[in-house]
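# Summary of structural features
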2 protein chains.
Amino acid sequence: MKKYVYAFEEGNKDMKEILGGKGANLAEMRSLGINVPPGFTISTEACALYYEVGKKINSEVKKQTDIKLAQLEKKMGKKLGDANDPLLVSVRSGAFASMPGMMDTILNLGLNDKSVVGLANKTNNPRFAWDSYRRLIQMFGNVVMEMGHGDFEHILDSVKNTKGAKYDTDLTADDLKEIVTKYKAKIKEVKGVEFPQDPIKQMYSSVNAVFNSWNNYRAIRYREINNIKGLIGTAVNIQAMVFGNLGDDSGTGVCFTRNPSTGEAKFYGEYLMNAQGEDVVAGIRTPLSVATLAKQDPKIYKELVDTCNKVEKHYKDMQDMEFTIEKGVLYILQARNGKRTAAASVKIAVDLVKEKVISLETAILRIDPNQLNQLLHKQLDPIAVTNAKVIAQGLPASPGAAVGEVVFTASEAFAKAKSGLDVILVRTETSPEDIDGMHSAKGILTARGGMTSHAAVVARGMGTSCVAGCADILIDEKAKTLTIKNSGIVINEGEFISLDGSTGKVYEGKLNTQDASLLGNFGTLMTWSDKFRKIGVRTNADTPHDAQVARKFGAEGIGLCRTEHMFFEGARIKAVREMILAGDLEARKKALAKLYPYQKSDFAGLFEAMDGLPVTVRLLDAPLHEFLPQQKKDIEDLAVEMKVDVKTLEAKISDLHEFNPMLGHRGCRLAITYPEIYDMQVEAIIDAAIEVKKNKKSKTVKPEIMIPIVATTKEFSILKDRTINMVERKMKEAKIKIDYKIGTMIEVPRAALIADKIVEAGAEFFSFGTNDLTQMGAGLSRDDAGKFLKEYVAQDIFAYDPFEVLDQEGIGELIRIAVKKGRGVKKDLKIGICGEHGGEPKTVEFCHREGLNYVSCSPFRVPIARLAGAQAVVRELQSKKGKK
Amino acid sequence: MKKYVYAFEEGNKDMKEILGGKGANLAEMRSLGINVPPGFTISTEACALYYEVGKKINSEVKKQTDIKLAQLEKKMGKKLGDANDPLLVSVRSGAFASMPGMMDTILNLGLNDKSVVGLANKTNNPRFAWDSYRRLIQMFGNVVMEMGHGDFEHILDSVKNTKGAKYDTDLTADDLKEIVTKYKAKIKEVKGVEFPQDPIKQMYSSVNAVFNSWNNYRAIRYREINNIKGLIGTAVNIQAMVFGNLGDDSGTGVCFTRNPSTGEAKFYGEYLMNAQGEDVVAGIRTPLSVATLAKQDPKIYKELVDTCNKVEKHYKDMQDMEFTIEKGVLYILQARNGKRTAAASVKIAVDLVKEKVISLETAILRIDPNQLNQLLHKQLDPIAVTNAKVIAQGLPASPGAAVGEVVFTASEAFAKAKSGLDVILVRTETSPEDIDGMHSAKGILTARGGMTSHAAVVARGMGTSCVAGCADILIDEKAKTLTIKNSGIVINEGEFISLDGSTGKVYEGKLNTQDASLLGNFGTLMTWSDKFRKIGVRTNADTPHDAQVARKFGAEGIGLCRTEHMFFEGARIKAVREMILAGDLEARKKALAKLYPYQKSDFAGLFEAMDGLPVTVRLLDAPLHEFLPQQKKDIEDLAVEMKVDVKTLEAKISDLHEFNPMLGHRGCRLAITYPEIYDMQVEAIIDAAIEVKKNKKSKTVKPEIMIPIVATTKEFSILKDRTINMVERKMKEAKIKIDYKIGTMIEVPRAALIADKIVEAGAEFFSFGTNDLTQMGAGLSRDDAGKFLKEYVAQDIFAYDPFEVLDQEGIGELIRIAVKKGRGVKKDLKIGICGEHGGEPKTVEFCHREGLNYVSCSPFRVPIARLAGAQAVVRELQSKKGKK
């Protein structure tokens, strides 16, 4: 017969699919000789069988379980539920992946009206025995018998009231005995059956409950949301109970083999003697540092440290472990890779390489690239955070730490910052008028608005820390106070708070911070990554400042400079509007001539900042209506400013209105209608390049001129010819050669489909604009799809939000087609991606796999892309090895 | 040496690429032994060479030309420009395709101060000689020497004034001599050079001018606009002149071998004796019917008829010919396939098959499918039209003829039509309130608005004749008059006019009309087409009426029934709005329950009308906001009607607003959010099918349920599962089996890219929604692209408007991908197209080539698609034969 039940001795860590994560780990530790309470695991295959035969435990499974139980009883020298010296067991679920939606644990199985007395006698601790029984009935009642939580809590509270007990621990053995009686009566009353006295029945009912919980609503939703697929069921672990609360020679605790906050290679943890895990949560006694255990019981301490080190060495990663000391004997109840901060993650990986525990490749794969984001901004000191008071929780809208005096208006922020103070701007919500104050503030805190609110978007753009939508706070701008709703804490203007924009937490007072360090362990990790990485990493940057930040982060060029941002500032927008309102070519050229010097200096700044690295400039992409106001008042003001009458202006705005602007008159389409716009931009680019080269501000200049929204060969060739004419003329005049390229965005699906012809027409590079490609390819408007995309991801219609993680199946196919067709004509065609996906690790891996030359992303995502690019190579190498 | 110059004897009709159309035809006729005045052709290759060497006539070309001229002189027994008996020649351009933008003709070359006297003496007709010379100088001056037209017209008019001459023909030989002197002086004055007296110089200057005209602005634009590509240049024809105005034994005329209006197989034409072509245009003498020539000169008449018949038999098509009789000798100057009406086109093709002149295949290829549109509507009697007065010209907005009394308001139209009168509704422009009047009218005439104006769109939808944007008219609604601007004609209410919506012409009075005939020659053509056609032709129809019309036209099923149209009428829209405003599922279901009976009866009507043919029903596609009003006033009214407050309603409308509705929450996306909408529709479809089958209203019912806007496999499978559940349950309850299918639109590019997976998920058919596929695939919003698409087509960025003719290169590639992937999984997957492209002939051919099962188009396009489908097969057969 097929094997369905495994003693811990029969498993190992590679059997997670059959034994689940917990079962496999317990087995592995036993095989290492670590003192794990004995037990056995009913496999995930038994769970699958349970469903196959109509939610029944198969007789073979039962037979094998009975055998394993008998072996366990033999090993422990006790019988399950024995009236004198009962074996007690826990039943725990344990799937391949950790899954919070499922039933977790039932403890103390085997207790009944008789064995509770035996346990009391045997341990000489009636209170412990009755409390254990009380807990069993409550857990079993809730989970297996599906009683309401209120049913038991109500009884417990009423007894506590009667007895004048403040905490559960104030209850005596007799009190608990009374509660047990009342619990059992309640079960009988509600369910019409008795709490089962038969320990075997208790056990199988619990196994049933675990199996059922695999397909309860929460578990299904959890798998959906977390994209967990292909699993056949959960395993069930049945394990002998051990107790840390049997006296002063007993205890329980949690420890980490290294510091999970800092990564420091130092044993770290907390424990309590004569206690159960729950006692820590109850908050009556303060847990002690494991350092204390070293003094209290050096022998046990040494055993614990040795054990932990052994496990870490075995798993080759920092371990988070649970232990119990029962009457001087150390048991390990759980070991798993410990969660850690980004800083700890990097330090531990680097240290483990230096300790020769893991390889470079493993270290590279260990770090979640997205986590790096935390390290690229100023951070709160992790030690300081441990002792700090979180006063409110909002959305982590823009990462990084900020510490400063609270101010409630943008003008105050601006004024105080000017006088050298650090300020946090606190607003109910921000609006465009606040922009100067936002620029001046170290951090921004808002009471309303989500991850895409004005505050959040602007803050991320500026790289300023921001906690948004913090519903816990109440702002009184007049009184200049910030009140925390729950606690009633009031913070006045000028008082300090600290923000963590990476977690959304708001702290009282002035915490220490530490600067982003691109050196040290982080620098080491980046250097290692670059050794493996093959795909280039460029940045999306529109200003010299952004370009400098990105270079610091390791950007190898600019993959996307959006020129429309440059059209909005100050005097420029006026010239842009003059151009739009111009009645004829001459007037348009006149307005464009005003823009030219701005554009030229913009580009010169970028060329200098990038110092010889390639700079891809996308010519104007936005539709013209984006440069005109929409509100009545603004239109009237503009009419006065532009000296046109309101009706004329309104008519122009209405004329430019589009039903589907995303599919409208923009990008190269505008340039087909008004070629003079691109002429001006190209002239500015090439003149800037010539100037920078002539003045030796950069040893070389590599402009790459990129034409957006190309859908047809001819659009490209018309505009390419004009560009070449301009560039060649300018170079001839200046007697200088510039190493320039002309290429195109691939963002309209049609362009991907005719990529070969676009290359034949002379495109020297492609850059995938995956935002638009997603919008058009999947027919989703980014501005509108929010309404239903969340639901789409929840229902697994899309595995991820396709605007966050590239849809590799659909939009990826367009990319594959374009790469194949483009390279079919020009083998060494340079291909990149410059949508916001360019800094998303899964997308970076995809781009590597498809042979792209580079990804381009926002400056703060550059290190993420570097690591992700390295991981892609390592995974590829491993999979090749695997195939051999 | 390469041959550049061909005597007419050396060419034939298959040499059009080298000799141009005119040259090849003249050569062909000579080889048939037809009396064509001798001459020779300088080839298109000579033109190409002219440009290659920098716009110079190559010496080899000159040498060959000189030789051919000498041979021509020998043949004619005259020398070019001889002082006593000069040979005169014409110089004419002639490219592969007829090209109005180029220089056309210079006549009478060879005349100079001396030879004009010789010609006068020789013909004994000084007036003729001097008039010919006058014309040569004028033509040569304009075309070759680039003089302004005014320069000569001014002189001509002033002499006419002085002499009191009304027409040119009133001028005497001496008057003309005076004019010649003045013309020459003017040339000297303006250009500083003399009119060339050297006949050889005259000739080569003219050849130069023809070559230059190949690349003048108008010719280049003409080639761009008409998508004429790949031609190397124009040929030049040099031909001996013959004259129809040398006395009563001379004459000139135009004839058709069959009647170009009706197609009747009867010789047809007009002529004048002692005249030149120009005299007909001058309008002094009324041309005579060729029937008169039979009496006047039976011998010449017989020769003419015999010649024409010979040419028709040779070219196997009706010929449009020009002839000249010079002193009793018949010359043919031109023969070409004659232009004809749609009715004539069909009749001639059918007759030629019956006469065994052409094959079925040839007949099928002869007819332009788009022309058939004329035949499907009531038409003006072509004979009546010949004598009718066109009073105004507008846009051909909706085809068909309409005759009726003029009315100026919709209510008047409604009232008069109710009393049995035929009315034409005349409006400056129409608006939605006019809808009843528009329904009542036989035809609609508007002064403003284009092809997509309200009047045009509504009229086409109703199949009512409409002339729109007729700028020639002035409407005074109060005075109830319609004034024609140019002529001042005033038409009062109640007076008759006639419209031809296929040409945009407005006629005075009450013309005879003839009904659309689907029998006779048309029926024969359709029967023949169906013999060849392989691709199915279905119709897009939302009502039983449309379905019946389409079946009459030969539709083989419904390929697209749009259900949103059904949501707009009367009481339904209220229920739809209730559903949209419903706060929860129950309320939504309640509102949907009100819609169900309407939907059921809609579908039952369609199933009955189609009597067993398949009926594809597309489930709701439109976004919800389309069902709510946008105007303040309408919103307020609706709030009252729905008993909600205005703010709530406005909030809902604002909530549903989308930035890019084309890419928004519509189609199956709505059904993922609100599955109850499709549930109701599916229930209505299947209940209707069961009812119709049960009541034996149709022997069988074949519903095909189509899910729109599918972009992912899972959207399809979720909705397919719900649909199957509903259908199976309903069939079980009714104990009836319905032959149903579930399929999907392919209109989101992503769907095309994963077509294989959609078939794996159970799609039983695909239908390409090429409107949306074009919008998303090419990134063009149909509502917005009008602003620049015209320019795009003019610049040949798109060969055709991609919303009219399918973009085979780009969007076609998505179709090819989807067909390949879909059929890769299911070999016999049924695939159709139901965008508006489905009735466009080039697209039909594409669909045939790509192996689609059917096209679906509006009822009036069904015959067009049938013919286009047949043509596709015939062309395929021919191209296969060609390859063998």
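Predicted model, so just to flag it, every value in this text is computed and none were measured. Every chain begins its residue count from 1, and numbering advances along the sequence as written. Think of it this way: whatever chain is written first is A, whatever ligand is written first is 1, and the rest follow in order. Restriction of local features to residues with pLDDT of at least 70 applies here, the model being predicted, together with a cutoff of 80 or more for giving and counting side-chain atom pairs; totals for whole chains, interfaces and linings are based on all residues. With hydrogens and water set aside, each side-chain value is computed from the structure's full complement of heavy atoms.

A few words now on the interface of chain B and chain A. The contact definition used throughout considers only heavy atoms, calling two residues in contact when any of these lie within 4.5 Å. The interface of chain B with chain A comprises 49 residues on the first partner and 49 residues on the second. Buried area counts how much accessible surface, traced with a 1.4 Å probe, disappears from two parts once they are put together, with both parts' losses summed. With both chains or domains summed, chain B and chain A bury close to 4200 Å², and 55% of this area falls on carbon and sulfur atoms. Among the residues of chain B in contact with chain A, B:Asn660, B:Leu663 and B:Arg750 are the three that bury the most area, contributing 15% of the side total. Throughout this description, the term salt bridge denotes a Lys or Arg side-chain nitrogen within 4 Å of a carboxyl oxygen of Asp or Glu. Inspection of the chain B/chain A interface yields ten salt bridges. Two N or O atoms form a polar contact when they lie within 3.5 Å of each other; inside protein one atom must be a possible hydrogen donor and the other a possible acceptor, and for residues adjacent in sequence the pair counts only when both atoms belong to side chains. Taken together, the links from chain B to chain A amount to 32 residue pairs in polar contact (both at pLDDT 80 or more). Numbering of helices and strands starts at the N terminus; helices are DSSP runs of H or I of at least 4 residues and strands are runs of E of at least 2. Sorting elements by how many residues they give to the side of chain B that touches chain A places helix 32 (residues 782-794) of chain B first, with five residues. Asp, Glu, Lys and Arg are counted as charged, while Ala, Val, Leu, Ile, Met, Phe, Trp, Tyr, Cys and Pro are counted as nonpolar; the rest, among them Gly, fall into the polar class. For the side of chain B that touches chain A, the residue count by class is 22 nonpolar, twelve polar and 15 charged.

Residues and elements named next belong to chain A. For Phe, Tyr and Trp, rings pair up if their centres lie within 6.5 Å, where Trp contributes its six-membered ring, and each pair is then called stacked (planes under 30 degrees apart), edge-to-face (over 60) or tilted (otherwise). On inspection of all chains with the given rule, the structure shows 26 aromatic pairs over all chains. Between Phe256 and Tyr268 the ring centres are 6.1 Å apart and the planes differ by 55°, which places this aromatic pair in the tilted class. Placement of Phe256 in strand 8 (residues 251-256) and of Tyr268 in strand 9 (residues 268-273) is noted, with a sequence separation of twelve residues between them. Residue Phe256 is classed as buried on the basis of its relative accessible area of 17%. Residue classification places Tyr268 among the partly exposed residues on the basis of a relative accessible area of 35%. One aromatic cluster is present, built from ring pairs that chain together Trp130, Tyr133, Phe140 and Phe195. The aromatic ring of Tyr204 is capped on one face by Lys62, whose charged end is 5.0 Å from the ring centroid. Each residue gets one of three labels from its accessible area relative to the maximum for its type: buried under 20%, exposed over 50%, partly exposed in between, using a 1.4 Å probe on protein chains only. Two conditions define a charge located above a ring, namely a distance within 6 Å from the ring centre to NZ of Lys or CZ of Arg, and an angle within 35 degrees of the ring normal.

A separate point is the sheet that holds strand 12 (residues 329-337) of chain A. Residues and elements named next belong to chain A. Pairing between strands is defined by DSSP: at least two bridges between the two strands are required. If you trace the five strands from one edge of the open sheet to the other, you get 10-9-8-11-12, paired in antiparallel fashion. The sheet is open, and its two edges are formed by strand 10 (288-289) and strand 12, each paired on a single side. Judged from the six bridges that link them, strand 8 and strand 9 form a sheet pairing that is antiparallel. Its bridge partner being in strand 9, Cys255 is matched across the sheet by Gly269.

Residues and elements named next belong to chain B. Read from one edge of the open sheet, eight strands run 14-24-23-16-17-18-19-15, paired in mixed fashion. In this open sheet, the two strands that pair with only one neighbour each are strand 14 (390-393) and strand 15 (395-398). Across the sheet, the mean angle from the axis of one strand to that of its neighbour is 30°, orientation sign disregarded. Where strand 18 (residues 443-446) meets strand 19 (residues 465-468), three bridges bridge the pair, whose relative direction is parallel. Paired with Leu445 across the bridge in strand 19 is Val467. Under this scheme, a helix contributes an axis fitted over its contacting stretch, all axes are lines through C-alpha atoms, and angles between N-to-C directions fall in the 0 to 180 degree range.

Looking now at the nonpolar core. Among buried residues, those of type Ala, Val, Leu, Ile, Met, Phe, Trp, Tyr and Cys that are joined through side-chain atoms within 4.5 Å constitute a nonpolar core. Formed by 280 residues in total, the largest nonpolar core has its most connected members in A:Leu372, A:Phe768, B:Leu372 and B:Phe768. Contact partners of A:Phe768, with chain neighbours within four places excluded, come to A:Ile746, A:Leu773, A:Ile815, A:Ala818, A:Val819, A:Ile831, A:Gly832, A:Ile833, A:Cys834, A:Gly835 and A:Leu852.

Placing chain B over chain A gives an RMSD of 0.4 Å and needs a rotation angle of 180°, together with 0.1 Å of translation along the axis. The superposition of one copy onto the other is thereby described by a two-fold rotation axis. Superposition of the copies used a least-squares fit over C-alpha atoms from residues whose pLDDT is at least 70 in both.

This next bit is on the pairing of strand 32 (residues 830-833) of chain A. All names here are of chain A. Relative to strand 32, strand 31 (residues 765-768) is paired through four bridges, and the arrangement is parallel. Considered in strand 32, the bridge of Phe765 is made with Lys830. As paired strands, strand 32 and strand 33 (residues 854-857) are joined by two bridges and run parallel to one another. Bridge pairing in strand 33 places Ile833 opposite Val855. Seen with its strands pointing away from the viewer, a crossover is right-handed when the path leading from the first strand over the helix to the second is clockwise. With helix 33 (residues 841-849) bridging strand 32 and the parallel strand 33, this β-α-β connection has right-handed handedness.

In this model helix 28 (residues 713-734) of chain B runs 31 Å from its N-terminal to its C-terminal C-alpha over 22 residues, within 8% of the 32 Å that 1.5 Å per residue would give. When we look at burial in helix 28 of chain B, the residues that qualify are B:Glu715, B:Phe716, B:Ser717, B:Leu719, B:Lys720, B:Thr723, B:Met726, B:Val727, B:Lys730, B:Met731 and B:Ala734. Packing partners of the buried residues in helix 28 of chain B comprise helix 31 (782-794) of chain A together with helix 26 (668-673), helix 27 (675-694), strand 29 (702-707), strand 30 (741-746) and helix 30 (755-760) of chain B. In this scheme, a helix's expected span is set at 1.5 Å multiplied by one less than its residue total.

Moving on, we get to the pairing of strand 5 (residues 89-94) of chain B. For a regular strand, the rule is simple: side chains alternate between the two faces of the sheet. Residue and element names in this part refer to chain B. Counting buried positions along strand 5 yields five of six residues, so the element is predominantly enclosed. Examined bridge by bridge, strand 5 and strand 6 (residues 105-109) share three bridges and lie antiparallel to one another. When the sheet's bridge partners are listed, Val89 is paired in strand 6 with Leu109.

Once that is clear, we can look at unusual backbone geometry. All names here are of chain B. In this model, Glu146 sits at a positive phi of 60°, which is unusual for a non-glycine residue. Among the secondary structure elements, Glu146 is positioned in the loop between helix 5 (126-143) and helix 6 (149-163). One non-glycine residue, Lys356, lies in the positive phi region at around 60°. Its place among the elements puts Lys356 in the loop between helix 13 (342-354) and helix 14 (360-366). With a relative accessible area of 75%, Lys356 lands in the exposed category.

Residues and elements named next belong to chain B. As a packed pair, helix 23 (residues 585-610) and helix 27 sit with axes 7 Å apart at the nearest point and diverge in direction by 35°. Both helix 23 and helix 27 take part in a crossing whose hand is right-handed. For the pair helix 23 and helix 27, the contacting residues are Leu585, Arg588, Lys589, Leu592, Leu595, Tyr596, Gln599, Lys600, Phe603, Ala604, Phe607 and Glu608 in the first and Glu676, Ile677, Met680, Gln681, Glu683, Ala684, Ile685, Asp687, Ala688, Ala689, Glu691 and Val692 in the second. The sense of a crossing depends on the near helix, which, turned anticlockwise from the far helix by less than a right angle, makes the crossing left-handed and, turned clockwise, makes it right-handed.

Moving on, we come to the side chain of B:Thr257. Residue and element names in this part refer to chain B. Within the secondary structure, Thr257 is located in the loop between strand 8 (251-256) and strand 9 (268-273). At 2.6 Å, the side chain of Thr257 forms a polar contact with the side chain of Glu312. Here the side chain of Thr257 touches Gln319 through a polar contact of 2.8 Å, landing on its backbone nitrogen. Once you skip the residues sitting within four places of it in the chain, Thr257 turns out to touch Lys266, Phe267, Cys308, Glu312, Asp317, Met318 and Gln319.

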